[in-house]
There are 2 protein chains.
Amino acid sequence: MEDAHSEIRFRAVGVVRSPHREPRGTPIQPAYASDVEGEVIVDPAYAEALQDIEGFERIWLFYLLDRARRFEARVIPYRDTQRRGLFATRSPARPNPIGMSAVRLLGRCENVLRISGVDILDNTPLLDIKPYVPVFDAFPNAAAGWFDTCGTDRKTADDRFHSKAES
Amino acid sequence: MEDAHSEIRFRAVGVVRSPHREPRGTPIQPAYASDVEGEVIVDPAYAEALQDIEGFERIWLFYLLDRARRFEARVIPYRDTQRRGLFATRSPARPNPIGMSAVRLLGRCENVLRISGVDILDNTPLLDIKPYVPVFDAFPNAAAGWFDTCGTDRKTADDRFHSKAES
């Protein structure tokens, strides 16, 4: 058994390129970024591992939220007007700042994936790619707590969860 | 910008307890483990961040696949009979071994979550919890490449992606 408190070390396997240079105005989810295209540039050492990915309409991207603020236990989420426990939100200010987006896969050229639905900041380090598989991932009727009655319909970020914006 | 090749350091924020002590026979997805219950024991330092999570029917767990074999670029997935690029599979033998499961949330008592749909090995280090939000996560009609015509209906793991099984 791994000691739950030991350090876990990962390395980026690529980078996400996007038109979003700073948090303010960046869509908070792929659902609000359907027209936004970008690229996933996978380290050539991993290009062979992309084989067969073209058949998937969507892929999960996992990435380091490298410009997020430090963890806070309770936050006012973008889509609400009151404080919620961080683990009940999708805020980037997480203990381990792992971001996740189900983006649309438009095509692949060797180690480069063309994607749309990009809610990710430019030059974000990529951690993993998994295929989106509806039988594993789609629960369209799952009750979603405060999201089901949320207080705002905000679709883009502001600076609340990020360090000083980079240009 | 983070150097895409620098080391990324995370720490477990808790541990997953489950009846699955070794890979062989463990369900490969929550969909094949609906009767299997377990617990997420969150480090008490993060208990406050669990507030409001009770309203969510499902939660995403992110965890370290700490008993997975080293990365291979092409693998024969559990649900197929031919080699596929690793990033087009859900195999645990990934460059950054991050596991993800959309489990059902049964209840919470302080820092402990009771869950079902457990496809996770006992004592797995927890990295993150996110609420499952259908409008962000559910794409029931997304085409799923080789999964849509896959060669087997295997529902449990064997040893192909793991180091020598631990007891």
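Draft legend 1. Region of the structure containing the overall build of chain A. Tallying secondary structure elements over chain A gives 1 helix and 9 strands in all. Sequence-ordered secondary structure for chain A, helices as α and strands as β, is β-β-β-β-β-β-β-β-β-α. Taken over the C-alpha trace, chain A has a radius of gyration of 16 Å; the compact-globule value for 167 residues is 15 Å, and the two agree within 12%. Seen through its principal axes, chain A has C-alpha atoms that stretch 45 × 40 × 40 Å.

Draft legend 2. Main features of the interface of chain A and chain B. Residue-level contacts link 66 residues of chain A with 65 residues of chain B. Contributions of two or more residues to the side of chain A that touches chain B are made by strand 1 (7-11), strand 2 (14-17), strand 4 (58-64), strand 6 (84-85), strand 7 (98-109), strand 9 (124-131) and helix 1 (134-137) of chain A. Ranked by residues supplied to the side of chain A that touches chain B, first place goes to strand 9 of chain A with 6 residues. Looking at the side of chain A that touches chain B residue by residue, the class counts come to 40 nonpolar, 10 polar and 16 charged.

Draft legend 3. Focus on the relation of the copies chain A and chain B. Note on the identical chains: chain A maps onto chain B by a rotation of 180 degrees and an axial translation of 0.0 Å, with an RMSD of 0.0 Å. What the rotation and shift describe, once combined, is the action of a two-fold rotation axis. Taking C-alpha positions as the reference, the residue of chain A nearest the rotation axis is A138 of chain A, at 2.1 Å. In this assembly the copies share their binding face: 98% of the residues contributing to the interface of chain A also contribute to that of chain B.

Draft legend 4. Seen up close, the pairing of strand 2 of chain A. Residue and element names in this part refer to chain A. In this structure, strand 2 lies alongside strand 3 (residues 37-42), joined through 4 bridges in antiparallel fashion. Of the residues in strand 3, the one forming a bridge with G14 is V42. Strand direction decides the pairing type here: strand 2 and strand 9, joined by 3 bridges, are antiparallel. Note on strand 9: the bridge partner recorded for V15 is P125.

Draft legend 5. Structural view of unusual backbone geometry. All names here are of chain A. A positive phi angle, near 50 degrees, is found at E110, a position not held by glycine. Summarising the element assignment, E110 is placed in the loop between strand 7 and strand 8 (112-116). We classify E110 as exposed; it has 9 C-beta atoms within 10 Å. One non-glycine residue, N123, lies in positive phi territory at about 70 degrees. Within the secondary structure, N123 is located in the loop between strand 8 and strand 9. Accessibility expressed as a C-beta count within 10 Å gives 19 for N123, which makes it partly exposed.

Draft legend 6. Spotlight on the sheet that holds strand 9 of chain A. With antiparallel pairing, 6 strands are arranged side by side around a closed barrel as 2-3-8-7-4-9 (chain A). Taking the axes of each pair of neighbouring strands and ignoring which way they run, one obtains an average angle of 45 degrees across the sheet.

Draft legend 7. Region of interest: the environment of V75 of chain B. Residues and elements named next belong to chain B. Structurally, the position occupied by V75 is in strand 5 (residues 74-75). Using a count of 22 C-beta atoms within 10 Å as the deciding quantity, one classes V75 as buried. If sequence neighbours within four positions are ignored, V75 has contacts with R83, R84, L86, T89, S91 and A93.

Draft legend 8. Highlighting the sheet that holds strand 2 (residues 14-17) of chain B. Taken in spatial order, the 6 strands of this closed barrel run 2-3-8-7-4-9 (chain B), and their pairing is antiparallel. In this sheet, neighbouring strand axes are inclined to one another by 45 degrees on average, regardless of whether the strands run parallel or antiparallel.

Draft legend 9. Spatial organisation of the confidence of the model for chain A. On average, residues of chain A score 91 in pLDDT, and 95% of them are at 70 or above. Listed scores for the predicted complex are pTM 0.92 and ipTM 0.92.

Draft legend 10. Layout of the environment of T149 of chain B. Tracing the chain through its elements places T149 of chain B in the segment after helix 1 (134-137). Between the C-alpha atoms of T149 of chain B and R84 of chain B, which are 65 residues apart in sequence, the distance is 13 Å.

Conventions we followed
Residues numbered from 1 in each chain as written. Chains lettered and ligands numbered in written order. Predicted model: local features only at pLDDT ≥ 70, side-chain atom pairs only at ≥ 80, totals over all residues. Helix = DSSP H or I, 4+ residues; strand = E, 2+ residues; numbered from the N terminus. Rg over C-alpha atoms; globule rule 2.2 N^0.38 Å. Contact = placed C-beta atoms within 7 Å. Nonpolar A, V, L, I, M, F, W, Y, C, P; charged D, E, K, R; others polar. Least-squares fit on C-alpha atoms with pLDDT ≥ 70 in both. Pairing = 2+ DSSP bridges. Buried ≥ 20, exposed ≤ 12 C-beta atoms within 10 Å, placed from the backbone. Axes fitted to C-alpha atoms, helices over the stretch in contact; angles between N-to-C directions. pLDDT = per-residue confidence, 0-100.

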